[in-house]
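Summary of structural features
Chain by chain, the residues run as shown.
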Amino acid sequence: MSRLVIEGGRPLKGEVEISGAKNSALAIIVAAALATEGKSILENVPRGSDITTICEILKELGAEAYFDDEHKLHIDGRGLNQSRASYDLVRRMRASFYAAGLLLARLGKAEVPLPGGCAIGSRPVDFHIKGFAQMGADVVIEHGFMKAEADRLRGTQFYVNRASVGTTINLMIAASLAEGTTILENAAKEPEVVDLAIFLNGMGAKVRGAGTEVIRIEGVESLRGIEYSIIPDRIEAGTFMLAAAITGGEVRLKGVVAEHIRVPIVKFEEAGLEIVRDNNELLVKAPPRLRATDVETMPYPGFPTDLQQPFVAALSTADGTSVVRDTIFDRFRYVDELRRMGADIKTERNTAIIRGVRQLTGAPVEITDLRAGAALAIAALAAEGQTDLYGVEILDRGYEFFEDKLRSLGANIRREKID
Ligand code: UD1
């Protein structure tokens, strides 16, 4: 166990390289195991415990997954022969449920634990299950597991409720080897979905329309492994922009796809950030104090729910009152911790009303979920005095070299072991 200790008050300055997108990597790693010919070699996979977990799951199912000396991830799905994933691994992360789509497509049988609730509210997988059933799988829920069987899944026309990202990904994985064509309506349009489609097509799949509301997947007989590089992490990019913002800093982000954060950029500019685009770099200059602004999270291309918490943290010291509504998840528990640092935030159902204060003060705080971790770190960077962040293993799930990157930008941050 460890904690992060941050002494706030230093403006961040310098350059930071953005890592590969965790959420894209999770989907692509699972999809790579669909191949029965050759293996895939994935570049730009971020380090983090979620990635380790998904690799452990694949290994448990009989696939090979390992990093080479250049940190390229090799996935060989040819040995896949186990249709049951263990609760111990799946419970750590909801994206583990992608194993269900993989197993149904490859082995015609999947026994995967239902991920339980999590710190950002109830997160069921009922849409995924409905999709598998509509593709012809016999599905039962027993002893906390989804057990599904189908000799070969069949193409279908399926409406994706709430444009769910996970459902879209799981059904794309399942449909790639199905018989006939699957049409996903109201599909998620997130860049991670597009990245997965490009990867699948490279493997020999026939996926059309990713990035729009309708995705067509014509099932093929088999797929082959390829080399592929994961897109940059738009959430990490947004997080570093906000870290620069709250500290009044000036940071150059390298390796970013600005198009993927078009709406966050508009919102951050509204709050007073100056943002200069230069190919795949963004130069972010913060004013001495941000301006209040209102925002509502939406499916892509709207403002991402994964930046809601870091944005609220940054707005907690802005001039004026901001209103932030999260329409995707119920993820405001971390606000209690921000209040302990002196923030003036009221929450009502899915809305936070943030009255900007002049100064936050450091305090011991507890990370409740991944993005809350980023939010509390951002607050700590601007707070007067020391903040001890507990529950740092949650942050380690999804931010690569987080404290090293912050330190290279001038933050006073260190990790301490605790008994
Ligand atoms: C993914 C991302 C997460 C991001 C979220 C929304 C990964 C690994 N995670 O999560 O970082 O915050 O998209 O952009 O990529 N829902 C159901 N039943 C289902 C599935 C979803 O009710 O079967 C609901 C959810 O509770 C939520 C909404 O649909 O309210 C959207 O969730 P979804 O897009 O599926 O999010 P995830 O894929 O879990």
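1. Digging into the overall build of the protein
Helix and strand counts for the protein stand at 14 helices and 23 strands. Its C-alpha radius of gyration of 21 Å places the protein within 12% of the 22 Å reference for a compact globule of 419 residues. Here the C-alpha coordinates of the protein stretch approximately 65 × 45 × 45 Å along the principal axes. Split into buried and exposed, the 419 residues of the protein put 58% on the buried side. Of all intrachain contacts in the protein linking residues separated by at least 6 positions in sequence, the fraction that spans at least 24 positions is 74%. Accessible area for the protein stands at about 16200 Å²; split by element, carbon and sulfur atoms hold 45% of it. One way to put it: in the protein the 51 positive side-chain charges average out to a point 2 Å from where the 59 negative ones average out.

2. Things to note about the pairing of strand β14 (residues 250–254)
The side chains of a regular strand alternate, first on one face of the sheet and then on the other. Covered by surrounding structure in β14 are V251 and L253 only, the residues E250, R252 and K254 on the alternate face being uncovered. Summarising the sheet, strand β2 (residues 13–17) and β14 pair through five bridges and their orientation is parallel. Within β14, the position partnered with G14 by the bridge is V251. As defined by bridge partners, β14 adjoins strand β16 (residues 281–285) across five bridges and the pair is classed as antiparallel.

3. Some remarks on the site of the ligand
The environment of the ligand is formed by 21 residues, the closest being D126, S164, V165, D306 and I328. Note that an oxygen atom of the ligand is positioned 3.1 Å from one of the side-chain N or O atoms of R162. For the ligand, an oxygen atom lies 2.7 Å from a polar atom in the backbone of G166. Considering the ligand on its own, with 740 Å² of exposed area, one finds that the protein chains cover 88% of that surface. Secondary-structure elements contributing two or more residues to the shell around the ligand are α5 (126–134) and α6 (165–175).

4. As for the packing of helix α1 (residues 22–32) against helix α2 (residues 49–60)
Running from amino to carboxyl end, α1 crosses α2 at an angle of 10 degrees, the nearest separation of the two axes being 10 Å. Considering the angle they form, α1 stands roughly parallel to α2. Across from K22, A25, L26, I29 and V30 in α1, the residues of α2 making contact are D50, I51, I54 and L58. Per-class residue counts for the contact of α1 with α2 are seven nonpolar, no polar and two charged.

5. Describing the packing of α1 against helix α4 (residues 98–107)
Contact pair α1 / α4: the axes reach a minimum separation of 9 Å and the direction vectors enclose 20 degrees. As the angle between them shows, α1 and α4 are arranged roughly parallel. α4 is crossed by α1, and the crossing has right-handed handedness. Taken together, the residues of α4 that come into contact with α1 (itself represented by L26, A27 and V30) are Y98, A99 and L102. In terms of residue class, the contact of α1 with α4 is made up of six nonpolar, no polar and no charged.

6. A closer look at the packing of aromatic side chains
For any pair of aromatic rings, geometry is given as the distance between the ring centres together with the angle between the planes. All chains considered together, the criterion is met by seven aromatic pairs. Ring geometry for F240 versus F402: centroids 6.1 Å apart, planes at 55 degrees, classification tilted. Placement of F240 in helix α8 (residues 234–246) and of F402 in helix α14 (residues 402–408) is noted, with a sequence separation of 162 residues between them. Judged by relative accessible area, which is 5%, F402 ranks as buried. Three or more aromatic residues joined by ring pairs form one cluster here, namely F240, Y399 and F402. In this arrangement the basic side chain of R84 is found over the ring face of F145, its NZ or CZ atom lying 3.9 Å from the centre.

7. Here we look at the domain arrangement of the protein
It is common to give the size of an interface as the accessible area that goes away when the parts come together. One can read the domain layout of the protein as domain 1 (2–19 + 232–417) and domain 2 (22–229). For domain 1 and domain 2, the distance between their C-alpha centres works out to 30 Å. Listed per partner, the contact involves 25 residues of domain 1 and 21 residues of domain 2. In total, domain 1 and domain 2 occlude about 1800 Å² of area from one another, counting both sides; carbon and sulfur atoms represent 49% of this. Where domain 1 meets domain 2, there are three salt bridges. Linking R397 and D50 is a salt bridge whose minimum nitrogen-to-oxygen distance equals 2.7 Å. Along the contact surface separating domain 1 from domain 2 lie seven residue pairs in polar contact (both at pLDDT 80 or more). Grouping the amino acids of the side of domain 1 that touches domain 2 by side-chain chemistry returns eight nonpolar, five polar and 12 charged.

8. Some points on α4
Burial runs high along α4: nine of the 10 residues are buried. Contacts from the buried residues of α4 go to α1, α2, β6 (109–113), α5, β8 (145–149) and α6. Directly after α4, the chain includes G108, whose backbone phi takes a positive value near 75 degrees.

9. Brief notes about the nonpolar core
By size, the foremost hydrophobic cluster in this structure holds 78 residues, and its most contacted members are I29, L34 and M172. Among the nonpolar cores identified, the runner-up in size contains 73 residues, and V324, L370, A374 and L381 belong to it.

10. Observations concerning the sheet that holds strand β22 (residues 386–390)
Taken together, four strands build an open sheet; the order of strands is β21-β22-β1-β23 and the sheet is mixed. Where the open sheet ends on each side, the last strands, each with one partner, are β21 (364–366) and β23 (412–417). Geometrically, the sheet is characterised by an average inter-axis angle of 25 degrees between neighbouring strands, direction not taken into account. Two strands pair when backbone bridges link them, and strand β1 (residues 2–7) and β22 are joined in this way by four bridges, in the antiparallel orientation.

11. Focus: the pattern of salt bridges
Going through the model one piece at a time under the given rule, you end up with 34 salt bridges. Among the ionic pairs, K22 bridges to D50, the shortest N-O distance being 3.4 Å. Here D50 lies in helix α2 and K22 lies in helix α1, a separation of 28 residues in the sequence. Owing to a relative accessible area of 7%, K22 belongs among the buried residues under this scheme. For D50, a relative accessible area of 2% translates into the label buried. One salt bridge in this structure joins E259 and R262, with 3.0 Å as the shortest N-O distance. Given the relative accessible area of 41%, E259 is considered partly exposed. Members of the salt-bridge network, linked through shared partners, are R3, R414 and E416.

Parameters and conventions
- Residues numbered from 1 in each chain as written.
- Predicted model: local features only at pLDDT ≥ 70, side-chain atom pairs only at ≥ 80, totals over all residues.
- Heavy atoms only, no water.
- Helix = DSSP H or I, 4+ residues; strand = E, 2+ residues; numbered from the N terminus.
- Rg over C-alpha atoms; globule rule 2.2 N^0.38 Å.
- Buried < 20%, exposed > 50% of the residue type's maximum accessible area, 1.4 Å probe, protein only.
- Contact = heavy atoms within 4.5 Å.
- Areas by Shrake-Rupley, 256 points an atom, 1.4 Å probe, with all protein chains shown as cover.
- Lys, Arg positive; Asp, Glu negative; His and termini not counted.
- Charge placed at Lys NZ, Arg CZ, Asp CG, Glu CD.
- Pairing = 2+ DSSP bridges.
- Near = heavy atom within 4 Å.
- Polar contact = N/O pair within 3.5 Å; in protein donor to acceptor, adjacent residues only side chain to side chain.
- Axes fitted to C-alpha atoms, helices over the stretch in contact; angles between N-to-C directions.
- Parallel < 35°, antiparallel > 145°, perpendicular 65-115°, else oblique.
- Nonpolar A, V, L, I, M, F, W, Y, C, P; charged D, E, K, R; others polar.
- Left-handed = near helix turned anticlockwise from the far one by under 90°.
- Phe/Tyr/Trp six-rings, centres within 6.5 Å; stacked < 30°, edge-to-face > 60°.
- Lys NZ or Arg CZ within 6 Å of the ring centre and 35° of its normal.
- Domains from an automatic or database assignment.
- Buried area = accessible area lost by both parts, 1.4 Å probe.
- Salt bridge = Lys/Arg side-chain N within 4 Å of Asp/Glu carboxyl O.
- Core = buried A, V, L, I, M, F, W, Y, C linked by side-chain atoms within 4.5 Å.

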